[in-house]
Amino acid sequence: ERGDTTLQVDADLVYGASVAFLGDVTGGMEHVDRAVDRFDPRQHLEGFRFGPSPGAIAYTTSALLQWLRGRPDRATELSERAIELAQELDHPYSTAFIFFHTAVLDLWRRRLALVQEHAGVVLEVAEEHGYQIWKAVALIVEGSAAAGLGRTDEGVDSMARGVELYQGLTTPAVFWPLVLSTRARGFGYAARPKEGLQLIGEALEIVGTDAFLHPEFSLVRAELLHDLGDTDAAVTELQGAVDSGRRLGLHMPELRAATALVRLRQKDSVEQLRRVYSSFTEGFADPHLVNARAALAELDVPVG
């Protein structure tokens, strides 16, 4: 009624993110992207008081969702713009928010060196301003990446310190499944899949099958099961990731799961992979799409 753009950004963001997280990713993204388009950092800062900037939330949320939807180029554009926004806003809490969520996206994309870089920024800001929650979650993400880069003892120790700090705080419940899944990845990287499997099982139980995080978490569980030698259970989990990814319109985890099924020579997996690959309109240099093409090429299957 008042034509207040700042309130409109907040409303679109809160509504859109909630709808997307609950499973209607396409419907939610319409509102999140509208928040991105409407956000003006100069106008917003005039009445800014506390918490992260809506622009910080809008850009990072959109980046995460766009990558899951199968738009890796757009996700990269949004995450880079978010980092630019952190410099423009010059607001420490928003900077911590932006670099943490960018580090999470880097972890999902297996860009582990960037995870270390971006989590390092979060830790610097957190130490300077006493943001214990951001310090805790950054330690966990950084530790997972360190384990993936071969520094397993350092990574596991960093994750443990982060969880200890996290559990001593009054923390938002929304972070807990992400904490669990991030540690599970880290234990997988550290060749300790049994410990990771328990954590990702708890995360999946919390989010349920209709939440947008389900296919991504299922992929983590499938990898841990495969590492433990339980191929049949891993295949079941991968097929679940394909099904939930298709249902939710999240083509990237669907593609990755279908690629793994092809490499495991599972029935009907080739057609599943061809179908989801054909849904992509960008990001063909992304390692996951390159891997998908390679898996089909090994079987002399045309992509088109």
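Scroll up for the structure.
Residues numbered from 1 in each chain as written. Predicted model: local features only at pLDDT ≥ 70, side-chain atom pairs only at ≥ 80, totals over all residues. Heavy atoms only, no water.

Visitor: Mind showing me how you'd approach the packing of aromatic side chains here?
Guide: Any aromatic ring pair is given by two values, namely how distant the centres are and how the planes are angled relative to each other. Per the stated rule, a full pass over the model turns up 9 aromatic pairs. Seen from their ring centres, Phe97 and Trp134 are 5.7 Å apart, and the 80° between their planes marks the pair as edge-to-face. Of the two residues, Phe97 sits in helix H6 (residues 92-108) while Trp134 sits in helix H8 (residues 132-148), which places them 37 residues apart along the sequence. No difference in accessibility class separates Phe97 from Trp134, as the two residues are buried. (Phe/Tyr/Trp six-rings, centres within 6.5 Å; stacked < 30°, edge-to-face > 60°. Helix = DSSP H or I, 4+ residues; strand = E, 2+ residues; numbered from the N terminus. Buried < 20%, exposed > 50% of the residue type's maximum accessible area, 1.4 Å probe, protein only.)

Visitor: What am I meant to see in the environment of Leu261 here?
Guide: The topology assignment puts Leu261 in helix H14 (residues 251-263). Distance in space between the C-alpha atoms of Leu261 and Ala295 is 9.8 Å, their sequence separation being 34 residues. Apart from the residues lying within four places of it in its own chain, the contact partners of Leu261 are Val235, Leu238, Gln239, Val242, Gln266, Ser269 and Gln272. (Contact = heavy atoms within 4.5 Å.)

Visitor: I keep staring at the packing of helix H15 (residues 269-277) against helix H16 (residues 287-298) and nothing clicks. Help me out?
Guide: If you want to describe how two helices pack, look at the angle between their axes and the distance between the axes. At their nearest, the axes of H15 and H16 sit 11 Å apart, and the two run at 140° to each other. The orientation of H15 relative to H16 falls into the category oblique. Seen from above, H15 lies across H16 with left-handed handedness. Contacts between H15 and H16 involve Val270, Leu273, Arg274 and Tyr277 on the former and, on the latter, Leu289, Ala292, Arg293, Ala295 and Leu296. Across the contact of H15 with H16, the residue classes break down as 7 nonpolar, no polar and 2 charged. (Axes fitted to C-alpha atoms, helices over the stretch in contact; angles between N-to-C directions. Parallel < 35°, antiparallel > 145°, perpendicular 65-115°, else oblique. Left-handed = near helix turned anticlockwise from the far one by under 90°. Nonpolar A, V, L, I, M, F, W, Y, C, P; charged D, E, K, R; others polar.)

Visitor: In this structure, what is going on with helix H12 (residues 214-227)? I would like to understand it.
Guide: The periodicity of an α-helix, 3.6 residues per turn, causes residues three or four positions apart to be oriented the same way. Taking 1.5 Å per residue as the helical rise, H12 with its 14 residues ought to reach 20 Å, and the 20 Å between its terminal C-alpha atoms agrees with that figure. For H12, the tally of buried residues reaches 10 of 14 residues, placing the bulk of the element in the interior. Residues of H12 that are buried include every one of His214, Pro215, Glu216, Phe217, Ser218, Leu219, Val220, Ala222, Leu224 and Leu225, and no others. Looking at the buried residues of H12, the elements they touch are helix H4 (54-69), H6, helix H10 (176-189), helix H11 (193-207), helix H13 (231-248) and H14. Positive backbone phi, approximately 90°, marks Gly229, located one or two places after H12. (Expected span 1.5 Å × (residues − 1).)

Visitor: I would appreciate a short explanation of the packing of H4 against H14 in the present structure.
Guide: Direction vectors running N to C along H4 and H14 enclose 40°, while the axes themselves pass 4 Å from each other. On the basis of the axis angle, H4 is oblique to H14. Listed contacts from H14 to Trp67, Leu68 and Arg69 of H4 are His251, Met252, Pro253 and Arg256. Within the contact of H4 with H14, the residues separate by chemical class into 4 nonpolar, 1 polar and 2 charged.

Visitor: How should the environment of Gly186 be read in this particular structure?
Guide: Mapped onto the secondary structure, Gly186 falls in helix H10. In sequence terms Gly186 and Ser144 are 42 residues apart; their C-alpha atoms lie 3.9 Å from each other. Beyond its immediate stretch of four places on either side in the chain, Gly186 contacts Ser144, Ala147 and Met159.

Visitor: Sorry, what's going on with the environment of Tyr277 here?
Guide: Tracing the backbone through its elements, the reader meets Tyr277 in helix H15. Linking Tyr277 and Glu164, residues 113 residues apart in sequence, is a C-alpha distance of 41 Å. Residues in contact with Tyr277, not counting those within four places in the same chain, are Leu255, Phe284, Leu289, Ala292, Arg293 and Val303. Side chain to side chain, Tyr277 and Arg293 meet in a polar contact 2.8 Å long. (Polar contact = N/O pair within 3.5 Å; in protein donor to acceptor, adjacent residues only side chain to side chain.)

Visitor: Please clarify how the side chain of Ser62 should be interpreted in this entry.
Guide: Tracing the backbone shows Ser62 in helix H4. Accessibility expressed as a relative area gives 0% for Ser62, which makes it buried. Those residues in contact with Ser62, other than ones at most four positions away along the chain, are Met29, Val32, Asp33, Val36 and Leu78.

Visitor: Just checking my understanding: could you explain H4 for this structure?
Guide: Along its 16 residues, H4 runs 22 Å from first to last C-alpha, staying within 8% of the 22 Å computed at 1.5 Å per residue. Here H4 lies mainly inside the structure; 14 of its 16 residues are buried. The backbone nitrogen of Gly55 lies 3.0 Å from a side-chain oxygen of the residue at the head of H4, namely Ser53. With its phi angle positive at about 100°, Gly70 sits one or two positions after the end of H4.

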